[in-house]
Amino acid sequence: MKICTFNVNSIRARKDLVLQWLDHRSQDIDVLCFQELKAEDGLFPHTEFEDLGYSCAVSGQKAYNGVAICCKAGLQDVRKGFDDPRWDEQKRSIAARVADFTLVNLYVPHGGERGQDKFVFKLGWYERLIRFLEQNHSPDDPLLLVGDFNVAHADADVYSPEVLFDTPGTMPEEREAFSSLLGWGLTDIYRHFFPETQQFTWWGYMGGAIWNNEGMRIDYALATAPLLERIR
């Protein structure tokens, strides 16, 4: 089973790109996880993905946020959000049973500068996520969390710790929140296999950052021990 995660920054704007990529991959991707749909459920391109054999569960929102899971094997026990109105107003979490494990797809808030309401909300959202895991899952369960976590966990996850020092995504409070999530019982899969390799998942839009490889690693796949031993 191959699982992919992509912050599309508008599913309607990126739909053709995703479909072209799937065609290039000879449609060998079993599960697709999207973040930042920027579209309500009814505007998600269900038909195009269903034509490729995917069943899609969507938690969408107009103009902002939104997450979706598309799976060829079908989805069971779909769960949208945390069952908490305060934290579920923004559509940032969707979970489902895939085969014999649970998959959670997340779009963590960006946060903003220290002291801003968005920064406080981001730290609170991490706390609510951990509480959700404590209430509904166990580190002994086969569990996979993927998505855009909007934190570069360590200096190795940014192109320049000096340039990006104490900026959104690298502030100590954010990194501590991510560490607390790992401490619940999750492993950063990429770092498990590549402890020293530097690789990024996000680059700024300005100044040719992607061509200069001036990026950050803020997108992750995190697994509990029972699932980690099965991952390649």
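Since the model is a prediction, treat every value here as computed from it, not as a measurement.

A. Focus on the state of the cysteines. Per the stated rule, a full pass over the model turns up one disulfide. A sulfur-sulfur distance of 2.2 Å marks the disulfide that ties C56 to C70. When the S-S torsion is 110 degrees, as for the bridge of C56 with C70, the disulfide is right-handed. Placement of C56 in strand β3 (residues 55-59) and of C70 in strand β4 (residues 67-71) is noted, with a sequence separation of 14 residues between them. Like C70, C56 is buried.

B. Structural detail: the nonpolar core. Ranked by size, the top nonpolar core spans 24 residues in total, and within it L133, L145, F149, L181 and L222 carry the most contacts. Taken together, the elements giving at least two residues each to this core come down to β7 (101-107), α4 (117-136), β8 (143-148), α5 (172-183) and β12 (219-223). Take this core: its biggest share by element is six residues, from α4. Not counting the four nearest positions on each side in its chain, L181 is found in contact with Y126, L129, I130, L133, L145, F149, L186 and L222. Counting residues in hydrophobic clusters, the runner-up holds 19 residues, among them V67, C71, A96 and L103.

C. Broad picture of the packing of α4 against α5. In the contact formed by α4 and α5, the axes pass within 10 Å of each other and the chain directions differ by 5 degrees. By the criterion of interaxial angle, the relationship of α4 to α5 is roughly parallel. Contacts between α4 and α5 involve F119, K122, L123, Y126, L129, I130 and L133 from the first element and E173, E174, A177, F178, S180 and L181 from the second. Residue composition of the contact of α4 with α5, by class: nine nonpolar, one polar and three charged.

D. Geometry of the sheet that holds strand β1 (residues 3-7). Pairing within the open sheet is mixed, and its four strands lie in the order β1-β2-β4-β3. A single partner strand is all that each edge strand has here, and the edge strands are β1 and β3. Averaged over all pairs of adjacent strands, the angle between strand axes in this sheet comes to 10 degrees, irrespective of strand direction. The strands touched by helix α1 (residues 11-24) are β1 and β2 (31-35); relative to β2, the strand with the most contacts, the crossing angle is about 155 degrees.

E. View of α1. With 14 residues, α1 extends 19 Å between its outermost C-alpha atoms, agreeing within 8% with the 20 Å of an ideal straight helix rising 1.5 Å per residue. The largest bend along α1 reaches roughly 25 degrees and is located at L17. Those residues of α1 that sit buried are I11, V18 and L22. Taken together, the buried residues of α1 touch β1, β2 and α2 (46-50).

F. Region of interest: the pattern of salt bridges. Enumeration according to the criterion identifies 14 salt bridges in this entry. A salt bridge links E36 to K38; the shortest N-O distance between them is 3.8 Å. Note that R175 and D155 form a salt bridge whose closest N and O atoms lie 3.0 Å from each other. In this pair, R175 is assigned in helix α5 and D155 in the loop between β8 and α5, connecting sequence segments 20 residues apart. Exposure remark for D155: the relative accessible area of 42% places this residue in the partly exposed category. Residues joined by salt bridges that share partners form a network here, namely D157, D188, R191 and R217.

Calculation criteria
Residues numbered from 1 in each chain as written. Predicted model: local features only at pLDDT ≥ 70, side-chain atom pairs only at ≥ 80, totals over all residues. Heavy atoms only, no water. Disulfide = S-S within 2.5 Å. Helix = DSSP H or I, 4+ residues; strand = E, 2+ residues; numbered from the N terminus. Buried < 20%, exposed > 50% of the residue type's maximum accessible area, 1.4 Å probe, protein only. Core = buried A, V, L, I, M, F, W, Y, C linked by side-chain atoms within 4.5 Å. Contact = heavy atoms within 4.5 Å. Axes fitted to C-alpha atoms, helices over the stretch in contact; angles between N-to-C directions. Parallel < 35°, antiparallel > 145°, perpendicular 65-115°, else oblique. Nonpolar A, V, L, I, M, F, W, Y, C, P; charged D, E, K, R; others polar. Pairing = 2+ DSSP bridges. Expected span 1.5 Å × (residues − 1). Bend = angle between axes of the 7 residues up to and from the residue. Salt bridge = Lys/Arg side-chain N within 4 Å of Asp/Glu carboxyl O.

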